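Geometric and topological summary
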Amino acid sequence: MNLMEYNYNRLIIKIGSNVFTQDNGLPNLERVKHLVEQIAAIKKQGKEVILVSSGAVASGRSLITVSEKSDAVATRQLLASIGQVKLINTYSQLFGQFDILCSQVLVTKEDFRDRVHYLNMKNCLEILLQHQVIPVVNENDVVSITELMFTDNDELAGLIASMLNADALIVLTNVDGIYDGDPKLQTSKVITEVNNATIDFSSYIQSSRSQFGRGGMITKSNMAQKVAQLGISVHIANGTKKNVLRDVLENKTIHTRFLPNKKASGKKKWIAHSENSATGIVQVNEGAKTALLSSKATSLLPVGIVKVLSDFKKGEIIKLVDENNKVIGLGIAEYGADKTKEKLGQKNQKPLVHYDYLYLQ
């Protein structure tokens, strides 16, 4: 397999639950085996691969039957806990056939919020890659429930890609990419290339979710745009197709590619990993939060700022929090706290944080 088209050295490959799982909710072992063969071939070319894989709950479902009356959260914890063992054993056995070691890395959303956890996880993944091990990363569904959950493993894969400064993220789902309409209609076509952050996908993406996954295509497209803004290529492709990884890397299959933003990537990556060194804090209103988190490229304007919670100087990294004091992003202040207080709520003012120096979580 010759990866001619895209010369990526560090790849994050995300296998969604709708790729891992059959229609009956049980693992599709033939498909997983075929994907492992492709990953092994990529690895043999000297590439670094981190696998973000769903499938713990499906794996658990193959081992135990749970009463329909059981609590949904408790059932998920039960299946995930049993299933993690089965899932990692499946990967260990399949990669072992190619003399490749894999390891298990279970994470929660809290690991990304706490700087010490974050650095521990980053160091762990780096040392695994140095020793030619393939990390198999999954959300720890046993302890992650409701508000602690990632939107789904797409969000997790995006965070890992950014943390490790990956060259590319390949998201495998059960359709050919992002369509410009309902994928079931013959008139709909796959958007093969997205090269800016101003497309609002919600206007033509179906909001219905995949049968087994938690995140729909809107989640995927918004995550992909954010990751591409950090200078990382993102490919969304059909993981149910034969040889999909080879064909994506050689650009031989129809799929959606988000082109990386080369210009602001270094700055944005640095900001993305600087939460601990942020000095100031500004609180934004609901309207500003919605605008910032939409897929449109938006700067933070004084009209959307409610108050300055912690002072800062021009050029320093500041945290942006919502009205519940939850961090929604980081950015470089274009001017200091005093000037910001003077302009609070005013229209037609210079942005406090320009989009090029804004990282949204």
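Residues numbered from 1 in each chain as written. Predicted model: local features only at pLDDT ≥ 70, side-chain atom pairs only at ≥ 80, totals over all residues. Heavy atoms only, no water.

Before going further, it helps to examine the sheet that holds strand E5 (residues 168-173). The 8 strands are arranged E3-E4-E2-E1-E5-E7-E8-E6 in an open sheet whose pairing can be described as mixed. Both edges of this open sheet fall to strand E3 (102-107) and strand E6 (193-194), since each of them pairs with a single strand only. Two strands pair when backbone bridges link them, and strand E2 (residues 48-53) and strand E4 (residues 134-139) are joined in this way by 2 bridges, in the parallel orientation. Opposite valine 52, over in E4, you have valine 137 as the bridge partner. (Pairing = 2+ DSSP bridges. Helix = DSSP H or I, 4+ residues; strand = E, 2+ residues; numbered from the N terminus.)

Our focus in this paragraph is the pairing of strand E1 (residues 10-15). E1 sits mainly inside the fold: 6 of its 6 residues count as buried. Side chains Arg10, Ile12 and Lys14 project from E1 onto one buried face, and the interleaved Leu11, Ile13 and Ile15 project onto a second face that is buried too. When E1 meets E2, the two strands line up parallel, connected through 6 bridges. Note that in E2 the partner of leucine 11 across the bridge is valine 49. Bridging between E1 and E5 involves 5 bridges; their strand directions are parallel. Pairing of isoleucine 15 across the sheet is with leucine 172, part of E5. (Buried < 20%, exposed > 50% of the residue type's maximum accessible area, 1.4 Å probe, protein only.)

Closest axis-to-axis distance for the helix H7 (residues 153-163)/helix H8 (residues 217-229) pair is 9 Å, and the angle between their directions is 5°. By the angle between their directions, the pair H7 and H8 is classed as roughly parallel. Contact with H7, carried on its side by Asp154, Glu155, Gly158 and Ala161, involves Lys220, Met223 and Val227 of H8 and no other residues of that element. Its residues placed into classes, the contact of H7 with H8 shows 3 nonpolar, 1 polar and 3 charged. (Axes fitted to C-alpha atoms, helices over the stretch in contact; angles between N-to-C directions. Parallel < 35°, antiparallel > 145°, perpendicular 65-115°, else oblique. Contact = heavy atoms within 4.5 Å. Nonpolar A, V, L, I, M, F, W, Y, C, P; charged D, E, K, R; others polar.)

A few words on the nonpolar core. Membership of the largest hydrophobic core comes to 44 residues, with the highest contact counts inside it found for Ile12, Phe112, Val137 and Ile160. With 6 residues, H7 is the largest single contributor of residues to this core. Residues within four places of phenylalanine 112 in sequence aside, it is in contact with Val107, Tyr118, Met121, Phe150, Leu156, Leu159, Ile160 and Met163. Judged by nonpolar contacts, the second largest core, of 34 residues, contains Leu35, Val36, Ile100 and Ala237. (Core = buried A, V, L, I, M, F, W, Y, C linked by side-chain atoms within 4.5 Å.)

Our next topic: the side chain of threonine 75. Examined against the element boundaries, threonine 75 turns out to sit in helix H4 (residues 72-96). With relative accessibility at 17%, the residue threonine 75 sits in the buried group. A polar contact is formed between the side chain of threonine 75 and the backbone oxygen of aspartate 71, at a distance of 2.8 Å. (Polar contact = N/O pair within 3.5 Å; in protein donor to acceptor, adjacent residues only side chain to side chain.)

Bringing unusual backbone geometry into the picture now. Backbone geometry at glutamine 132 places phi at a positive 65°, although glycine is not the residue there. Along the chain, the position of glutamine 132 falls in the loop between helix H6 (115-130) and E4. Phi angles above zero are rare outside glycine, and asparagine 165 is one such case at about 50°.

Function cannot be read off these values alone, since they describe shape.
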